[in-house]
2 protein chains.
Amino acid sequence: MAKDRPKRPRAETPKGFRDYFGAEVRARAAMLARITEVYHAWGFEPLETSAVETVEALGKFLPDVDRPNQGVFAWQDEDDTWLALRYDLTAPLARVYAQHRAALPIPYRPYQVGPVWRDEKPGPGRFRQFYQCDADIVGAATVAADAEICAMLGEALEAAGIARGDYRIRVNNRKILDGVLETAGLYNGNDPEKYRKERGIVLRAIDKFDRVGEDGVRALLGAGRRDDSGDFTAGANLSEEQIARVLAFFSASSTKNIYDQDGVIDTVASGGILHTDQTFNLLSTLIETSLIGVSGLQEVRDMLALVGDSGVVFDTSVVRGLGYYTGPVFEAELTFEVLDDAGRPRQFGSVAGGGRYDDLVKRFTGETVPATGISVGVDRLLAALGEKGRLTARQPKLVVVTVMDRERMADYQKMAAELRHDLRDISVRAEVYLGGGGMGRQLKYADQRGAAIAVIQGADEHARDAVQLKDLALGARLAAEIETHEAWRAQPAQVEVPRGRLVAEVRAMLAR
Amino acid sequence: MAKDRPKRPRAETPKGFRDYFGAEVRARAAMLARITEVYHAWGFEPLETSAVETVEALGKFLPDVDRPNQGVFAWQDEDDTWLALRYDLTAPLARVYAQHRAALPIPYRPYQVGPVWRDEKPGPGRFRQFYQCDADIVGAATVAADAEICAMLGEALEAAGIARGDYRIRVNNRKILDGVLETAGLYNGNDPEKYRKERGIVLRAIDKFDRVGEDGVRALLGAGRRDDSGDFTAGANLSEEQIARVLAFFSASSTKNIYDQDGVIDTVASGGILHTDQTFNLLSTLIETSLIGVSGLQEVRDMLALVGDSGVVFDTSVVRGLGYYTGPVFEAELTFEVLDDAGRPRQFGSVAGGGRYDDLVKRFTGETVPATGISVGVDRLLAALGEKGRLTARQPKLVVVTVMDRERMADYQKMAAELRHDLRDISVRAEVYLGGGGMGRQLKYADQRGAAIAVIQGADEHARDAVQLKDLALGARLAAEIETHEAWRAQPAQVEVPRGRLVAEVRAMLAR
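As the structure is a computational prediction, the values presented were derived from the model and not from experiment.

(A) Inspection of the overall build of chain A at higher detail. Of the regular secondary structure elements, chain A holds 18 helices and 19 strands. Looking at chain A as a whole, 57% of its 512 residues qualify as buried. Taking the intrachain contacts of chain A between residues at least 6 apart in sequence as the baseline, contacts between residues at least 24 apart amount to 69%. Put simply, chain A shows about 21100 Å² of open surface, and 50% of that area lies on carbon and sulfur atoms.

(B) Focus on the relation of the copies chain B and chain A. For the match of chain B to chain A, the screw axis carries a shift of 0.0 Å, the RMSD comes to 0.1 Å, and the turn is 180°. When the rotation and shift are considered jointly, the pair of chain copies conforms to a two-fold rotation axis. When C-alpha positions in chain B are compared against the rotation axis, the closest is assigned to Trp-75 of chain B, at 2.8 Å. Counting the interface residues of chain B, we find that 100% of their copies in chain A are interface residues as well, pointing to one common contact surface.

(C) Representation of helix H18 (residues 502-511) of chain B in the model. All names here are of chain B. Among the residues of H18, those classed as buried are Leu-502, Val-503, Val-506, Met-509 and Leu-510. Across the axial projection of H18, the buried residues extend over an arc of 130°, all falling on one side. On its buried side, H18 packs onto strand S15 (398-401), helix H13 (409-422), strand S17 (453-456), strand S18 (466-471) and strand S19 (494-498).

(D) Representation of the sheet that holds strand S17 (residues 453-456) of chain A within the structure. Residue and element names in this part refer to chain A. Across the sheet, 5 strands lie side by side as S16-S15-S17-S18-S19; this open sheet has mixed pairing. Both edges of this open sheet fall to strand S16 (429-432) and strand S19 (494-498), since each of them pairs with a single strand only. With direction set aside, neighbouring strand axes in the sheet form an average angle of 25°. Where strand S18 (residues 466-471) meets S19, 5 bridges bridge the pair, whose relative direction is antiparallel. From the neighbouring strand, Ala-466 faces S19, where its bridge partner is Pro-498.

(E) Local environment of the sheet that holds strand S4 (residues 74-76) of chain B. Residues and elements named next belong to chain B. Taken together, 3 strands build an open sheet; the order of strands is S3-S5-S4 and the sheet is antiparallel. Because the sheet does not close on itself, it has two edges, and the strands there are strand S3 (52-54) and S4. Between one strand axis and the next, the sheet turns through 35° on average, direction left out of account. Pairing analysis gives 3 bridges linking S4 to strand S5 (residues 82-85), with the strands arranged antiparallel. From the neighbouring strand, Ala-74 faces S5, where its bridge partner is Ala-84.

(F) Spatial organisation of the pattern of salt bridges. This model, assessed by the stated rule, comprises 74 salt bridges over all chains. For Arg-128 of chain B, the salt bridge is made with Asp-77 of chain A, and the minimal N-O distance between the two is 2.9 Å. With Arg-128 of chain B in the loop between strand S6 (110-117) and strand S7 (129-138) and Asp-77 of chain A in the loop between strand S4 (74-76) and strand S5 (82-85), this residue pair bridges two chains. Measuring nitrogen to oxygen at the nearest pair gives 3.1 Å for the salt bridge that ties Glu-418 of chain B to Lys-414 of chain B. With Glu-418 of chain B and Lys-414 of chain B both in helix H13 and 4 residues apart, this pair spans about one turn of that helix. Counted as one network, the salt bridges with shared partners bring together Glu-45, Arg-109 and Glu-148 of chain A together with Arg-429, Glu-431 and Arg-449 of chain B.

(G) Broad picture of the side chain of Arg-109 of chain B. Structurally, Arg-109 of chain B is set in the loop between helix H3 (90-100) and S6. Residue Arg-109 of chain B is classed as buried on the basis of its relative accessible area of 2%. At a separation of 2.7 Å, a polar atom in the side chain of Arg-109 of chain B contacts the main-chain carbonyl oxygen of Trp-42 of chain B. Beyond its immediate stretch of four places on either side in the chain, Arg-109 of chain B contacts Glu-431, Val-432, Leu-434, Tyr-445 and Arg-449 of chain A together with Trp-42, Gly-43, Phe-44, Glu-45, Asp-136, Ile-137 and Glu-148 of chain B.

(H) Region of interest: the packing of helix H5 (residues 174-183) of chain A against helix H9 (residues 277-287) of chain A. All names here are of chain A. It is at 7 Å that the axes of H5 and H9 come closest, and there the two elements cross at 45°. Between H5 and H9, the angle is such that the two are oblique. Contact residues: H5 offers Ile-176, Gly-179, Val-180 and Thr-183, while H9 offers Leu-283, Leu-286 and Ile-287. The residue inventory of the contact of H5 with H9, partitioned by class, reads 5 nonpolar, 2 polar and no charged.

(I) Region of interest: the side chain of Gln-468 of chain B. All names here are of chain B. Its place among the elements puts Gln-468 in strand S18. For Gln-468, a relative accessible area of 3% translates into the label buried. Here Glu-461 takes part through its side chain, which lies 3.2 Å from a polar atom of the side chain of Gln-468. Among the polar contacts made by the side chain of Gln-468, one reaches the side chain of Glu-496 at a distance of 2.9 Å.

(J) Just the interface of chain B and chain A, in detail. Contact with chain B, which involves 102 residues of that partner, is made by 102 residues of chain A. When chain B packs against chain A, close to 8500 Å² is buried across both sides, 53% of that on carbon and sulfur atoms. A salt bridge links Glu-48 of chain B to Arg-28 of chain A; the nearest nitrogen and oxygen atoms lie 2.4 Å apart. The element best represented in the side of chain B that touches chain A is helix H1 (residues 22-41) of chain B, accounting for 6 residues. Here 2 bridges tie strand S1 (residues 20-21) of chain A to strand S2 (residues 45-48) of chain B, and the two strands are oriented antiparallel to one another.

(K) Geometry of the packing of aromatic side chains. Following the criterion strictly, the structure yields 24 aromatic pairs over all chains and no others. Each ring, one from Tyr-433 of chain B and one from Tyr-445 of chain B, has its centre 5.1 Å from the other, and the planes form 65°; the classification is edge-to-face. Of this pair, Tyr-433 of chain B sits in the loop between strand S16 (429-432) and helix H14 (439-448) while Tyr-445 of chain B is found in helix H14, placing the two residues 12 residues apart along the sequence. Here the aromatic cluster, defined as three or more aromatic residues joined through ring pairs, consists of Phe-17, Phe-73 and Trp-75 of chain A together with Phe-17, Phe-73 and Trp-75 of chain B. Sitting over the ring of Phe-127 of chain A, Arg-18 of chain A keeps its end group 5.5 Å from the ring centre. Directly above the ring of Trp-42 of chain A sits Arg-420 of chain B, whose terminal nitrogen or CZ lies 3.3 Å from the centroid.

(L) Molecular detail of unusual backbone geometry. Going from Ile-106 of chain A to Pro-107 of chain A, the amide bond is cis rather than trans, its omega being -5°. When you line up the elements, Pro-107 of chain A lands in the loop between helix H3 (90-100) and strand S6 (110-117). The phi dihedral of Tyr-195 of chain B falls on the positive side, at around 65°, and the residue is not glycine. Residue placement: Tyr-195 of chain B occurs in the loop between helix H5 (174-183) and helix H6 (196-207). For Asp-465 of chain B, which is not glycine, the phi torsion reads 55° and is therefore positive. One can find Asp-465 of chain B in the loop between helix H15 (459-463) and S18.

(M) Region of the structure containing the environment of Ile-106 of chain B. By secondary structure assignment, the location of Ile-106 of chain B is in the loop between H3 and S6. Here the alpha-carbon distance between Ile-106 of chain B and Ile-137 of chain B, two residues 31 residues apart in the chain, equals 9.1 Å. Apart from residues lying up to four places away in sequence, Ile-106 of chain B is in contact with Tyr-433, Arg-441 and Tyr-445 of chain A together with Tyr-97 and Gly-139 of chain B.

About the cut-offs
Residues numbered from 1 in each chain as written. Chains lettered and ligands numbered in written order. Predicted model: local features only at pLDDT ≥ 70, side-chain atom pairs only at ≥ 80, totals over all residues. Heavy atoms only, no water. Helix = DSSP H or I, 4+ residues; strand = E, 2+ residues; numbered from the N terminus. Buried < 20%, exposed > 50% of the residue type's maximum accessible area, 1.4 Å probe, protein only. Contact = heavy atoms within 4.5 Å. Areas by Shrake-Rupley, 256 points an atom, 1.4 Å probe, with all protein chains shown as cover. Least-squares fit on C-alpha atoms with pLDDT ≥ 70 in both. Arc of directions from axis to C-beta. Pairing = 2+ DSSP bridges. Axes fitted to C-alpha atoms, helices over the stretch in contact; angles between N-to-C directions. Salt bridge = Lys/Arg side-chain N within 4 Å of Asp/Glu carboxyl O. Polar contact = N/O pair within 3.5 Å; in protein donor to acceptor, adjacent residues only side chain to side chain. Parallel < 35°, antiparallel > 145°, perpendicular 65-115°, else oblique. Nonpolar A, V, L, I, M, F, W, Y, C, P; charged D, E, K, R; others polar. Buried area = accessible area lost by both parts, 1.4 Å probe. Phe/Tyr/Trp six-rings, centres within 6.5 Å; stacked < 30°, edge-to-face > 60°. Lys NZ or Arg CZ within 6 Å of the ring centre and 35° of its normal.

Next up, the structure:
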């Protein structure tokens, strides 16, 4: 702030960050209220964790680690502890449960809403701060908990405004993939840490199918992939036969198209054949006698039996990118079509994801604590509701009291207070114009604000103990052209009423 | 996650951070909904800024700068830009307005709710992440805007549950102090930057009165102050006469006790004499012919005339610690008494503060943009409501469906779904028990969760197509003692009803 400071600060959010305004904030709050009301009705309790965690508590589970500090925003505290902004709501929940477990019920059923931060490359529609809305069950070992999470997710999406039939909850189980990898020589039940790195690359490769396509996945499973910008991502170095097994798993019950060696769409992957005996048979062949694979298949069967016909489908192409999932994984996708930037129709895609993460609390306590949960991508879902025209945050009607005589501010404030108070039953909002300028500028302001009515009392009206009411919806087109109070009075969208009738006449005008 | 990792991460929030659970999260959300409903009714629109800003955009306005990076959490981005977590909601608003002003109405009336972060020494009840709830008017130059902010703040406090009479909104004006300092030779209207540092120390010294007392303030105005821990804070190096003038200003209309040279309470500071002619006369004497001082006094007179008898009082001991205020400053304090840690009664104290900051947008644009606003300390106000027993977040009634036969999870889930759906009109929550263990553990869980009713259906009841309903409020005392289903059935707080009557009987039981 020194007088001779050479340059001004730039008025910009940091790269990849944004602000949210007015209607969008209210629409999001309304959507989240509907979703969390469902969570709450299902017996979940709110939790809000600190946004800042120690780096050691967060752990390193983010995929796409092309940044320092593993994709998180981190800095050193005074005592040299590394602190970081949370990158999701699940890792902090594991810390919370380990820290407070003596006081928490078992199972513990929290729900959370809040921003998370990731130090990723910003891009169009890709921000470094975004909202998540999670529900988790900690301390429940059976797939009944996973099934409940999926069923509740469906109900939450419907409460938010997504019709049944417009969404699909795709479930899979990482244990099946582990079984496939066991038969391929990449998993050893007696030493699960062996080949963990390779299996991580396999997971992330499958998870990237939508972005990199089949060829990209093949490259990532093999020697690695160089993207358009020239960046190279190391591959899992699998053999051709191992790659074939992974892709056979991927396409066993997938909504994605996988081509066989001859470039023909694999019939199994045609989309019509989901969680049928045929799929289970194929997977049984792939996992052979792998115990973990058999267990995973059984868990999927049990989950599907529990959820019934609630929009949940088995889809082996779902694996999720995060490193901490141990069994069932789920993803909710919206199936209606929107137009992409090039005007081509495409499915809206994923709006929520989750799964079971039985080892995440164990990191802290040494004891296995089973846990499962779901995370709704709030901004994505809000965008989807926007596409469907289902953003219903009601805009209560606004009245702007204009200021013709600055000496009588107290009178104008009294009008606004009366309107707010006496029309509270119909959620009327009222404000006095506090800026500078004459009638034209004040009406322009009221118009820009989307006000329904402007109240005007100049010296003449004051002498008659009256006010003018301008119906702005009617008069919006003319407002910009009119500069003087006198010209304004000639317009049809206005009416003069006694001051004592102000509230009653505004009520009547808004009811029209 | 390597198998041979030598030690586990500690399950702890970083120092000075905390988590919020269940009822507290809901109580805060309910309180904020009531406050923001008032803001909205007054014509304010929601705004949510990025939590992360560039350090240069935030500026350096925090008082008590005893930390690196001026008390903010900061780190360097990939491109070497310094980023930081916002320390309040006002500095980001100035950035937002400068960035988006072409699209925003003038005046712009945003309200904001969100966490802010300060890298301060943590202490009891002093956290490094806390919530604020702000309302601001940008682009309104007159004190009508400041008066409106103060009047609305009173209404918001009352909506939150603070009765009129239990709060006081203390207003002052920094221009008066500048006037006093001008006659003391520490302000020059032609060169406002001169002595800015000294005036900053004076402001922070006055702001610390409650913590350091009169002697502490005298020391800070003079040669400096060494606190109990041995830390030294540099003083403003004012002369005795200058110090006397500052203290005369402070006590001209203060609710704090100031002692004169002989150790006698200054009569003017006795508390009974607020915004009277006597106070204005005394201040007129102190500011002599200072133009800025006269202007400040007039602004206070105008504000007081506009707010009427709405709990707003003139109090020269209010200056606010933040560096960016330029004129009117306000502080809402709760006047009811609570017991401090030592069991002594004390006033609850400040829960909100704000003021006018006409130069904050100018930092970015070079043009003066008048602005004023208020920030509610959400955690403090929530604590106050707790003290007053006015936390009213209703806990809808919870029903826990116990699991006697794991093969029939789908049946139990159907019961919970029926209860949720058919009793939605009375906000019933229902969940199936998903943990392990027998009846004793399940009832203990239901008890810990505060459930109203437990539903039980073992093989016997299933054969009879019936369910048992346990009234947990009635039976809570006994629950811990009972281990078997049979013993439980002997208790009086249970009733068997036909399965088809489940919903109706739960409704009746909850209505009792």
